[in-house]
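# Report on the structure
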Amino acid sequence: MEIQAAQKHQSLSIARLIMQAMNYDCCRYFAGPDHTLDDFERVMTELVLSDNSQYSYLNTLVALDEDGGLCGACVSYDGARLHELRAAFIRAAKESFGRDFSGMDDETSAGELYIDSIAVPESCRGKGVATLLLKATIEKARDMGLPAVGLLVDTGNPKAEKLYSRLGFEYVGDNTWGGHPMKHLQYAI
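An account of the accompanying structure is given in this report.

Attention now moves to the layout of surface pockets. It is a probe the size of a water molecule, rolled over the atoms, that shows where empty space is left. By volume, the largest pocket is sized at about 1,000 Å³. Broken down by secondary-structure element, the contributors of at least two residues to the lining of the largest pocket are α1 (11-22), β4 (113-119), α5 (129-144), β5 (148-154) and α6 (158-166). For the lining of the largest pocket, a count of residues per class yields 20 nonpolar, seven polar and eight charged.

Moving on: the pattern of salt bridges. Opposite charge on two side chains lets them pair, provided their charged atoms get close. By the definition in use, this model includes 10 salt bridges. Here Arg28 ties to Asp25 by a salt bridge, and the two come within 3.5 Å at their closest N and O atoms. Of this pair, Arg28 and Asp25 both sit in helix α2 (residues 24-31), three residues apart, roughly one helical turn. In this structure Asp25 comes out as exposed when scored by relative accessible area, which is 52%. With a shortest N-O distance of 3.9 Å, Lys94 and Asp100 are connected by a salt bridge. By relative accessible area, which is 43% here, Lys94 ends up partly exposed.

Let's shift gears to empty space enclosed by the protein. Applying the stated criterion to the full structure yields one cavity of 30 Å³ or more. What the largest cavity holds in volume is close to 40 Å³. Around the largest cavity, the lining residues are Phe30, Gln54, Tyr55, Arg86, Phe89, Met104, Glu107 and Trp177. Taken together, the residues of the lining of the largest cavity sort by class into five nonpolar, one polar and two charged.

Quick look at the state of the cysteines now. If you walk through the whole model with that rule in mind, you get one disulfide. Cys27 takes part in no disulfide bond, and the closest cysteine sulfur, belonging to Cys26, lies 6.9 Å away. Here Cys27 falls in the buried class, since its relative accessible area comes to 0%. Cys74 forms no disulfide, and the closest cysteine sulfur to it belongs to Cys71, at a distance of 15 Å. With relative accessibility at 0%, the residue Cys74 sits in the buried group.

Moving on, we come to the sheet that holds strand β2 (residues 60-64). As summarised here, the arrangement of the seven strands in space is β1-β2-β3-β4-β5-β7-β6, forming an open sheet in which the pairing is mixed. Two strands lie at the open edges of the sheet, namely β1 (2-5) and β6 (170-177), each paired on one side alone. The mean inter-strand angle of the sheet, taken between neighbouring strand axes irrespective of direction, is 30°. Here β1 pairs with β2 via four bridges, running antiparallel. Within β2, the position partnered with Ala5 by the bridge is Leu61.

Restricting attention to buried positions, one finds in α2 the residues Cys26, Cys27, Phe30 and Ala31. For α2, the buried positions fall inside an angular range of 135° around the axis, keeping them on one side. Among the structural elements, α1, α3 (37-49), α4 (82-97), β6 and β7 (180-188) are those in contact with the buried residues of α2. With a side-chain oxygen lying 2.9 Å from the backbone nitrogen of Asp25, the N-terminal cap of α2 falls on Asn23. Directly beyond the C-terminal end of α2, a positive phi value near 85° is found at Gly32.

Position of Arg86 among the secondary structure elements: in helix α4. Within the local environment of Arg86, its side chain forms a polar contact with the backbone oxygen of Met104, the two atoms lying 3.3 Å apart. Excluding anything up to four places from it in sequence, Arg86 contacts Gln54, Met104, Asp105, Asp106 and Glu107.

Analysis parameters
- Residues numbered from 1 in each chain as written.
- Predicted model: local features only at pLDDT ≥ 70, side-chain atom pairs only at ≥ 80, totals over all residues.
- Heavy atoms only, no water.
- 1 Å grid on protein atoms, 1.4 Å probe; cavity = no way out; pocket = protein on both sides within 12 Å on 5 of 7 lines; lining within 4 Å.
- Points joined across faces, edges and corners; volume = space filled by probe spheres on them.
- Helix = DSSP H or I, 4+ residues; strand = E, 2+ residues; numbered from the N terminus.
- Nonpolar A, V, L, I, M, F, W, Y, C, P; charged D, E, K, R; others polar.
- Salt bridge = Lys/Arg side-chain N within 4 Å of Asp/Glu carboxyl O.
- Buried < 20%, exposed > 50% of the residue type's maximum accessible area, 1.4 Å probe, protein only.
- Disulfide = S-S within 2.5 Å.
- Pairing = 2+ DSSP bridges.
- Axes fitted to C-alpha atoms, helices over the stretch in contact; angles between N-to-C directions.
- Arc of directions from axis to C-beta.
- Contact = heavy atoms within 4.5 Å.
- Polar contact = N/O pair within 3.5 Å; in protein donor to acceptor, adjacent residues only side chain to side chain.

Okay, here's the thing in structure tokens:
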């Protein structure tokens, strides 16, 4: 398994993994009742292709198997840049879905490299891919000089929370995202 910076040609696969990480109920919520998951996938792919979006390929590390196939993705960015990077999503949601998410609560803040999304396709699970991506992201935070790595984990996903805890992430507070109760976890550098 090799971890490397994402490339533009991987954008559709990365968008699909981000949607998997968000969970499809959240994707439907953002797209609204008049749009499909395919519509949301198109918007997410455009955001991954963008240079200045929270979902940009430039913010993404990918795991490649021995044949070069995509086996996971981790999207992370400096929490201090949340509003700047989120602007692309807010614009896209207004233009594509007629929905205004400009009042959305902040999921991160300055002082942490925020893991926005991490996902591993079913066919690659159980091989330590998420662990490798998380360790590489912790190294990314060190390289950026940030004091912590943060993420939100759905309270209904104890398996993911156990993985994060095993790697040293600790509970720092509660949050809500996409209508779901979440726990904010951090790894101190």
